[in-house]
Amino acid sequence: MILLDGKSLAEAMIDSMKAEAKRLKPTLCVIRVGHNSASLVYIRNKRIACERAGIRFDERDFPASITQAELIREIENVNHDSAINGVIVQLPLPDSIDVPAIIRSIDPIKDVDGFQAYNLGKTMLSTEFEDLPPATALGVMKLLDHYDIALQGKEVVVVGNSNIAGKPITVMMMNRSATVTNCNRSTKNLAEHTLRADILIVAVGHPNLITATMVKKGVTVVDVGINRMPNGKLCGDVDFENVSKKAAFISPVPGGVGPMTVAALILNTVNATRLQKHPVQKKTHSSPYSTFA
Ligand code: GUN
C-alpha cells in the first residue's frame, strides 16, 4: 500500500509557486463571519500557506450579527479593490445569511475557491477551461496526477454530490475520460457501486462510511472527508485501518486531501492574479465543444 501523502506534496507545490508569486505579488483576502472553531483552524492553515508562498494575506473579520446586505457591500468593496486578487468567504456562515447570495456577489475572476457558477460552468467544458476549478477538486486531481494514477478508461466512483467536492470531482473525472459513477447519501446498495471502483473518492462527511468489505483489492482510495470525533481526533469517511489493507493507494486523514485543498487555493490565487494581470486568450488545439458532436 502506498500512502497518498498530501502534506508533503502540498508543501512541494507551494514551494514551486514561490517564484511566480514573487513576480505577480498576489493578495488573498479571506472574509470570516463569527467564530466557528473549525473555520479558525482552516483560515490559520491558509495564512501559513500564503506566508510560505509569499502571498499577501488580508483577513477581514466580521461579527455574526452582520447583515447579508452589509456583507455583500464588503465583498463588493473587495471586488473593486485592484490590490486584491483572490477572495474567499469562509463557510459556514450564520443561518441569517443566504450562502448562494453571498457566492453570487463574488467577482468570478477573484473566486479562488471556484464556487461561482461561471467557474463551475467552465470546469464542465474540458480540462482547457479549468482555470479556477473548485479548490478541493483541483487538490484531488493534483494528488492523483503526482502519483501517476491514470484516469482514462478507469472505473471511478465518487461518493458525495456537494457543489464543493463531489460534483466538480465527478465532472473533472469526465473531462479526463474516466467512467464515472456518482453516488450520494440516498444511493441504494452503495457497496454494489464502490466494489466496482478502480478509484474511489469519498466526500460525504460521514465517519467510517466506507469499510473494507465495500472495496476491491488494489483500489485507489481518496478520502475527502474531515470529521471531528468526540475525542477531538480527526477522521475521514473511510475506515483507514482496514481499507488500507486492501488498497494499492490511499490518502490519510489528516495529511491527505486537506493540505492539497490549501495548495490548490494557492495555485488558484496565483492563476487568478496572472489572468487579471495578463488576460491573454489561451490557444486551444481542440474545440472544447467536440464532445457535443
Ligand atoms: N469551509 C470548509 N471548506 C471550505 C472551503 O474550501 N472554502 C470556503 N470558503 N469555506 C470552507
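Look a little higher up for the structure.
So, a few notes on the structure that sits alongside this text. (Residues numbered from 1 in each chain as written. Predicted model: local features only at pLDDT ≥ 70, side-chain atom pairs only at ≥ 80, totals over all residues. Heavy atoms only, no water.)

**Comments concerning the overall build of the protein chain**
Helix and strand counts for the protein chain stand at eleven helices and eleven strands. For the protein chain, whose C-alpha radius of gyration is 19 Å, the value lies close to the compact-globule estimate of 19 Å for 293 residues. Referenced to the eigenvectors of the C-alpha coordinate spread, the extents of the protein chain come out at roughly 50 × 50 × 35 Å. Going through the 293 residues of the protein chain one by one, you find that 49% of them count as buried. (Helix = DSSP H or I, 4+ residues; strand = E, 2+ residues; numbered from the N terminus. Rg over C-alpha atoms; globule rule 2.2 N^0.38 Å. Buried < 20%, exposed > 50% of the residue type's maximum accessible area, 1.4 Å probe, protein only.)

**Re the state of the cysteines**
Throughout the structure, instances matching the rule amount to zero disulfides. In this model C50 remains outside any disulfide bridge; the closest cysteine sulfur is found in C29, 11 Å from its own. (Disulfide = S-S within 2.5 Å.)

**So, the pairing of strand β7 (residues 199-202)**
Side-chain alternation along β7 places I199 and I201 on one buried face and L200 and V202 on a second face that is also buried. Judged from the four bridges that link them, strand β5 (residues 155-159) and β7 form a sheet pairing that is parallel. Its bridge partner lying in β7, V157 is registered against L200. Examined bridge by bridge, β7 and strand β8 (residues 220-223) share four bridges and lie parallel to one another. (Pairing = 2+ DSSP bridges.)

**Focus: the nonpolar core**
Counting 51 residues, the largest nonpolar core has L28, I169, M173, I201 and V224 as its most contacted members. Ranked by the residues each element gives to this core, the list is headed by helix α11 (residues 257-277), at ten residues. Beyond its immediate chain neighbours, meaning those up to four positions away, L28 contacts C50, I55, R56, F57, D58, G86, V87, I88, V112, L265 and T269. The next biggest cluster of nonpolar side chains, apart from the first, holds 17 residues, and it includes V159, L190, V202 and V204. (Core = buried A, V, L, I, M, F, W, Y, C linked by side-chain atoms within 4.5 Å. Contact = heavy atoms within 4.5 Å.)

**Describing the packing of aromatic side chains**
For the structure shown, the criterion picks out one aromatic pair. Between Y147 and F249, the ring centres sit 6.4 Å apart and the planes meet at 65 degrees, which makes this aromatic pair edge-to-face. Here Y147 is found in the loop between α7 (135-146) and β5, whereas its partner F249 is found in strand β11 (residues 249-250), with 102 residues between them in sequence. Under the relative-accessibility criterion, F249 is labelled buried at 18%. (Phe/Tyr/Trp six-rings, centres within 6.5 Å; stacked < 30°, edge-to-face > 60°.)

**Points about the site of the ligand**
Inspection of the region around the ligand gives K46, V89, Q90, L91, D113 and F115 as its neighbouring residues. Here a nitrogen atom of the ligand sits 2.8 Å away from a polar atom, N or O, in the main chain of V89. One nitrogen or oxygen atom from the side chain of Q90 is found 3.3 Å from a nitrogen atom belonging to the ligand. Bound to the protein, the ligand loses 82% of the 280 Å² it would expose on its own. Per-class residue counts for the shell around the ligand are three nonpolar, one polar and two charged. (Near = heavy atom within 4 Å. Polar contact = N/O pair within 3.5 Å; in protein donor to acceptor, adjacent residues only side chain to side chain. Areas by Shrake-Rupley, 256 points an atom, 1.4 Å probe, with all protein chains shown as cover. Nonpolar A, V, L, I, M, F, W, Y, C, P; charged D, E, K, R; others polar.)

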